[in-house]
Amino acid sequence: ELKVEQNPLFLSMQEGKNYTIYCNYSTTSDRLYWYRQDPGKSLESLFVLLSNGAVKQEGRLMASLDTKARLSTLHITAAVHDLSATYFCAVEPMDDYKLSFGAGTTVTVRA
Amino acid sequence: EADIYQTPRYLVIGTGKKITLECSQTMGHDKMYWYQQDPGMELHLIHYSYGVNSTEKGDLSSESTVSRIRTEHFPLTLESARPSHTSQYLCAVDRGYNSPLHFGNGTRLTVT
């Protein structure tokens, strides 16, 4: 069974500082997705990472994938209040279409 | 763009009632999924379908059932709702190779 572990589960950020969220997974995969969820809302796709070494950036967020280490990181640069949300990573196994989600990282950005 | 619609958005219902949560999509994609999510928690796959007349149970055991008679619709039914069914139910569609799952707005169900 594919296991996806995110850490930390809760992250209190100070505005202007940099932080990283980690996503480890237990089986071979070269497809990993990052989503954002605001309270009471659905999931919004942030990044699609489809190969080893893939790096995607959008604004203050940058995601990368190391398939050999089975690790993805979501890096936040100079945090701002608008980034407060829960971030999920999701992994698609090589032999299946079904995504397995991490537990989510709840981010709170304080002044 | 694969638009995906879920209704109702919110539902409060008494124990023992039968309910159906609707999920529909406009672009004819084959793969659709139902996830259950408690507030602030992870998503659990409860049902999926890879096409008409194809449905499977997901990783989390659920008392709900689904049907896929038409490509556009993937409704979820609870024959007898219980308070333990209180949760958010998210429907998603796979738009194809290299695309992320696209989620509907969800149905927030409360069973009293």
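None of the values given here were measured: they were computed from a predicted structure.

(A) Just the overall build of chain B, in detail. When you go through chain B residue by residue, the secondary structure sums to zero helices and eleven strands. In chain B, the succession of α and β elements from N to C terminus is β-β-β-β-β-β-β-β-β-β-β. Against the compact-globule benchmark of 13 Å for 112 residues, chain B has a radius of gyration of 13 Å, which places it among compact chains. Viewed in the frame of its principal axes, chain B has a C-alpha envelope of about 40 × 30 × 25 Å. Counting all 112 residues of chain B, 48% fall into the buried class. For chain B, long-range pairs separated by at least 24 residues make up 53% of all intrachain contacts whose partners lie at least 6 apart in sequence.

(B) Structural context of the sheet that holds strand β8 (residues 71-76) of chain A. Residues and elements named next belong to chain A. Taken in spatial order, the five strands make up an open sheet running β1-β3-β8-β7-β6, and their pairing is antiparallel. Whereas interior strands pair on both sides, the edge strands pair on one side only; in this sheet they are β1 (4-7) and β6 (55-58). Across the sheet, the mean angle separating the axes of adjacent strands is 15 degrees when strand polarity is ignored.

(C) Representation of the state of the cysteines within the structure. Residues and elements named next belong to chain A. For the structure on display, the rule yields two disulfides over all chains. A disulfide bridge connects cysteine 23 with cysteine 89, and the sulfur atoms are separated by 2.0 Å. Because the sign of the S-S torsion sets the handedness, a value of about 80 degrees for the bond joining cysteine 23 and cysteine 89 places this disulfide among the right-handed ones. Residue cysteine 23 is located in strand β3 (residues 19-25), and its partner cysteine 89 is located in strand β9 (residues 85-92); the two are separated by 66 residues in the primary sequence. Under the relative-accessibility criterion, cysteine 89 is labelled buried at 0%.

(D) Main features of the pairing of β6 of chain A. Summarising the sheet, β6 of chain A and strand β7 (residues 61-66) of chain A pair through four bridges and their orientation is antiparallel. Its bridge partner being in β7 of chain A, lysine 56 of chain A is matched across the sheet by alanine 63 of chain A.

(E) Main features of the interface of chain B and chain A. Contacts between chain B and chain A engage 23 residues on the former and 19 residues on the latter. In total, about 1700 Å² of surface goes out of reach between chain B and chain A, with carbon and sulfur atoms giving 54% of it. The tally of links between chain B and chain A comes to zero salt bridges. Remark: the boundary between chain B and chain A carries five residue pairs in polar contact (both at pLDDT 80 or more). Going through the elements one at a time, β4 (32-37), β5 (43-51), β9 (87-94) and β10 (101-103) of chain B are the ones with two or more residues in the side of chain B that touches chain A. Of all the elements, β5 of chain B adds the most residues to the side of chain B that touches chain A, at four residues. When the residues that make up the side of chain B that touches chain A are grouped by side-chain class, the tally is twelve nonpolar, six polar and five charged.

(F) Inspection of the pattern of salt bridges at higher detail. A complete count under the given rule lists five salt bridges over all chains for this structure. Residues arginine 36 of chain A and aspartate 38 of chain A are paired through a salt bridge, measuring 2.9 Å at the closest nitrogen-oxygen approach. Judged by its relative accessible area of 14%, arginine 36 of chain A falls in the buried class. In this structure, the salt-bridge partner of arginine 70 of chain B is glutamate 72 of chain B, at a minimum N-O distance of 3.5 Å. Glutamate 72 of chain B gets classed as partly exposed once you look at its relative accessible area, which sits at 32%.

(G) Representation of the environment of serine 12 of chain A in the model. Residue and element names in this part refer to chain A. Here serine 12 shows up in strand β2 (residues 10-14). Separated by 35 residues in sequence, serine 12 and phenylalanine 47 place their C-alpha atoms 22 Å apart. Beyond its immediate chain neighbours, meaning those up to four positions away, serine 12 contacts Tyr19, Thr108 and Arg110. Engagement of the side chain of serine 12 in a polar contact is seen with the side chain of arginine 110, the distance being 2.8 Å.

(H) Spatial organisation of the packing of aromatic side chains. Applying the stated criterion across every chain yields a total of ten aromatic pairs over all chains. Each ring, one from tyrosine 35 of chain A and one from phenylalanine 103 of chain B, has its centre 5.6 Å from the other, and the planes form 90 degrees; the classification is edge-to-face. Remark: phenylalanine 103 of chain B occurs in strand β10 and tyrosine 35 of chain A occurs in strand β4 (residues 31-37); the pair is interchain, linking two chains. Neither residue differs from the other here; tyrosine 35 of chain A and phenylalanine 103 of chain B are each classed as buried. Arranged with centres 6.5 Å apart and planes meeting at 80 degrees, the rings of phenylalanine 88 of chain A and phenylalanine 101 of chain A form a pair that is edge-to-face. You can see phenylalanine 88 of chain A sitting in strand β9 and its partner phenylalanine 101 of chain A sitting in strand β10 (residues 100-101), a full 13 residues away along the chain. For phenylalanine 88 of chain A, a relative accessible area of 0% corresponds to the buried category. Through successive ring pairs, a cluster of aromatic residues spans Tyr35, Phe88 and Phe101 of chain A together with Tyr33, Tyr35, Tyr48, Tyr50 and Phe103 of chain B. Stacked on the ring of phenylalanine 74 of chain B, the Lys or Arg arginine 68 of chain B has its end atom at 5.8 Å from the ring centre.

About the cut-offs
- The numbers attached to residues start from 1 for each chain and follow its sequence in the written order.
- Naming scheme: in the order in which they are written, chains are lettered from A and ligands are numbered from 1.
- Reporting of local features is limited, given that this is a predicted model, to residues whose pLDDT is at least 70; pairs of side-chain atoms are given and counted only at 80 or more, and all residues count toward the totals for whole chains, interfaces and linings.
- Excluded from the side-chain calculations are hydrogens and water; all other atoms, namely the structure's heavy atoms, are used.
- Think of it this way: any DSSP run of H or I at least four residues long counts as a helix, any run of E at least two long counts as a strand, and we number them from the N terminus.
- For this measure, only C-alpha atoms enter the radius of gyration; the expected value for a globule follows 2.2 Å times N^0.38, where N is the number of residues.
- Buried, partly exposed and exposed residues are distinguished by accessible area as a fraction of the type maximum, computed with a 1.4 Å probe on protein chains only: under 20%, between the cut-offs, and over 50%, respectively.
- The contact criterion used is simple: two residues touch if any of their non-hydrogen atoms lie within 4.5 Å.
- Strand pairing is assigned whenever DSSP identifies at least 2 bridges connecting the two strands.
- Note on geometry: axes are lines fitted to C-alpha atoms, helical ones only across the stretch in contact, with angles between N-to-C directions running from 0 to 180 degrees.
- Disulfides are defined as pairs of cysteine sulfur atoms found within 2.5 Å of each other.
- Here the buried area means the combined drop in accessible surface, using a 1.4 Å probe, for two parts upon being joined, counting both sides.
- Basic side-chain nitrogens of Lys or Arg form a salt bridge, by our definition, when they fall within 4 Å of a carboxyl oxygen of Asp or Glu.
- As used in this structure description, the phrase polar contact means that two N or O atoms lie within 3.5 Å; if the pair is within protein, one of them must be able to donate a hydrogen and the other to accept it, and residues adjacent in sequence are counted only when both atoms belong to side chains.
- Only Asp, Glu, Lys and Arg are considered charged, only Ala, Val, Leu, Ile, Met, Phe, Trp, Tyr, Cys and Pro nonpolar, and every remaining residue, Gly among them, polar.
- We call Phe, Tyr and Trp rings a pair once their centres come within 6.5 Å, taking the six-membered ring for Trp, and we label the pair stacked below 30 degrees between planes, edge-to-face above 60, and tilted otherwise.
- Definition used: whenever NZ (Lys) or CZ (Arg) falls within 6 Å of the ring centre and also within 35 degrees of the ring normal, the charge is taken to sit over that ring.

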